[in-house]
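In case you want the letters, here they are:
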Amino acid sequence: MVTCISRPRRPACIEGISERVYAALTGLGLANALQSISAPVPRRVIWNGDASAANTERLIDREAFDSGVLADLEAAGVNVVQGTIERLSHGDEGWEVVLSNDRVLCADFLVEARGRRAPHKQGELHRGPESIALGQFWQLPKAVTARPSVQALSLAQGWGWLVQLADGRIFTQLSLSATRHALPERGCEAEWIRDAFNRVLGTDNPLVAATPRGQASFRGCTSLLNAEVIDLDYIRIGDAAMAVDPLSGNGIFQSLSSALVAPAVINTLIRRPADRALAQQFYEQRLQHLFMRFARLGRDFYRQVASPQLDDYWLQRQSWPDNHHAHPQTDRVLGVAQRPVLNNGFIELADVLLTENQPLGIWMVDGEPAVERYRRKSLQGTQS
């Protein structure tokens, strides 16, 4: 039996996802959770003074979404336990999970999916500049009509995300440096946020007519890749394994990317003991590759902001993690090698095509082994 231990997410927030993430969630059959996801809404971006409005986002109320996911898990036969984990211990008989109400659960295999709240086992392999997400809900007067929309803006001290909802609520989130001098004083967050958006939006700032709802929230949003993400009877997925900068909406996508391959990795660890090292190699290399790619993509967005007097927030993120290209300018074929791949619910060795842009290798292209296709085309090119 599979048991999921969960508790309501705090603080409440609104998040955005791309059509790619929505398609992945739809494919998982999350009927209840999908009801809390909006239709596509227009997104306006003001970055380094340049405005564009080419894309859309779907919006998620995380409280409603998480409740829907739990309902979907129960419908699928998962035993859902409402509670908070007090401590974990591992012994000869497997895992012992003690909840805050002193209830004890035992497990043969543990999946750590508590996001950034998950305790670190051995620190991080990589950690980006320390960042804080400052969130605040707002309410427009009833007389003000608003159509759902999203705005992403580069601000003096960081970047901001502003969401207007059909019910007149607004949600703002700012990514800021975690240093004390970069954060507003306690009790003054709402006016500080309003002023930060004012400097970019001016008279178009919807917060001018809005009233803060509840208290502002602070939570960490530092990019990090954890060490020891997998063992023989343990795996970390989502933000518990690798948490990326929420810039450009990559957070939920990367969480899904690790969660969707986890079943095959777990299946291999449990049912094919001889291939355990292969499964671990596959998972660790995949996380490290994705982490560095997302980190470099974020760095390139930060580098689009230029000013004679850039805040330390921008300068730090424009130089991290390195100066390598997020995507190599060419995708030259490097050769053929054996690498672990996902095949029919297991991790197996297979011949893959290595390229500059895909250092982990390409296994299949349109249902055909990439190596066979490459060799056939190379032969055709030689004969012609």
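Residues numbered from 1 in each chain as written. Predicted model: local features only at pLDDT ≥ 70, side-chain atom pairs only at ≥ 80, totals over all residues. Heavy atoms only, no water.

## Digging into the overall build of the protein
The helix and strand inventory of the protein stands at eight helices and 23 strands. Its C-alpha atoms give the protein a radius of gyration of 23 Å, within 12% of the compact-globule value 21 Å for 384 residues. Taken along the three principal axes of its C-alpha coordinates, the protein extends 65 × 65 × 40 Å. Expressed as a percentage of its 384 residues, the buried residues of the protein come to 45%. Contacts in the protein between residues far apart in sequence, at least 24 positions, make up 64% of those at least 6 positions apart. In the protein, 40 side chains carry a positive charge and 42 a negative one; their mean positions are 4 Å apart. (Helix = DSSP H or I, 4+ residues; strand = E, 2+ residues; numbered from the N terminus. Rg over C-alpha atoms; globule rule 2.2 N^0.38 Å. Buried < 20%, exposed > 50% of the residue type's maximum accessible area, 1.4 Å probe, protein only. Contact = heavy atoms within 4.5 Å. Lys, Arg positive; Asp, Glu negative; His and termini not counted. Charge placed at Lys NZ, Arg CZ, Asp CG, Glu CD.)

## Quick notes on the nonpolar core
Counting residues in each nonpolar core, the largest one holds 27 residues, and the members touching the most others are Ile235, Met242, Val265 and Tyr283. Counting residues per element, the ones that place at least two in this core are helix H5 (250–271) and helix H6 (276–302). Ranked by the residues each element gives to this core, the list is headed by H6, at 10 residues. Leu153, Leu174, Leu201 and Ala210 belong to the second-largest nonpolar core, a separate cluster that totals 21 residues. (Core = buried A, V, L, I, M, F, W, Y, C linked by side-chain atoms within 4.5 Å.)

## Side note on the pairing of strand E6 (residues 85–91)
Relative to strand E7 (residues 94–99), E6 is paired through six bridges, and the arrangement is antiparallel. Residue pairing across strands places Ser89 opposite Glu96, the latter belonging to E7. Counting the residues between successive antiparallel strands, the hairpin from E6 to E7 contains two residues. (Pairing = 2+ DSSP bridges.)

## Considering unusual backbone geometry
A cis amide bond links Arg10 to the next residue, Pro11, at an omega of -5°. Its location among the elements puts Pro11 in the loop between strand E1 (3–6) and strand E2 (14–17). Across the junction of Trp320 and Pro321, the peptide omega takes the value 10°, indicating a cis bond. Here Pro321 lies in the loop between helix H7 (312–318) and strand E20 (333–343). Unlike most non-glycine residues, Asn48 shows phi in positive territory, near 60°. Backbone geometry at Asp102 places phi at a positive 75°, although glycine is not the residue there. By the secondary structure assignment, Asp102 is in the loop between E7 and strand E8 (104–107).

## Some points on the environment of Phe253
Its location among the elements puts Phe253 in helix H5. Placed 111 residues apart in sequence, Phe253 and Lys142 show a C-alpha to C-alpha distance of 35 Å. Beyond its immediate sequence surroundings of up to four residues, Phe253 is in contact with Arg20, Val21 and Phe294.

## Observations regarding the side chain of Arg317
Considering the arrangement of structural elements, one finds Arg317 in helix H7. One buried charged residue, Arg317, remains without a salt bridge, the closest side chain of opposite sign being Asp245 at 5.0 Å. Within the local environment of Arg317, its side chain forms a polar contact with the backbone oxygen of Tyr313, the two atoms lying 2.8 Å apart. Excluding its chain neighbours within four sequence positions, the residues that come into contact with Arg317 are Pro129, Glu130, Ser131, Leu176, Ser177, Arg299, Tyr302 and Asp312. (Salt bridge = Lys/Arg side-chain N within 4 Å of Asp/Glu carboxyl O. Polar contact = N/O pair within 3.5 Å; in protein donor to acceptor, adjacent residues only side chain to side chain.)

## Focus on the sheet that holds strand E9 (residues 110–112)
With respect to topology, three strands assemble into an open sheet ordered E9-E18-E17, the strand pairing being mixed. Of all the strands in the sheet, the pair left with one neighbour each is E9 and strand E17 (230–231). Where E17 lies against strand E18 (residues 234–236), two bridges are found, and the strand directions are antiparallel. From the neighbouring strand, Ile230 faces E18, where its bridge partner is Ile235.

## Let's talk about the packing of aromatic side chains
Scanning the model with the defined rule gives eight aromatic pairs in all. Where Tyr302 meets Tyr313, the ring centres are 5.9 Å apart and the plane angle is 75°; that geometry is what we call edge-to-face. Taken together, the residues Tyr302 in helix H6 and Tyr313 in helix H7 connect sequence positions 11 residues apart. Residue Tyr302 is classed as buried on the basis of its relative accessible area, which comes to 2%. The structure contains a cluster of three or more aromatic residues connected by ring pairs, namely Trp47, Tyr302, Tyr313 and Trp314. In this structure, Arg272 packs its charged tip against the face of Phe346, placed 3.7 Å from the ring centre. Its end group placed over the ring of Tyr313, Arg317 keeps NZ or CZ at 3.8 Å from the ring centre. (Phe/Tyr/Trp six-rings, centres within 6.5 Å; stacked < 30°, edge-to-face > 60°. Lys NZ or Arg CZ within 6 Å of the ring centre and 35° of its normal.)

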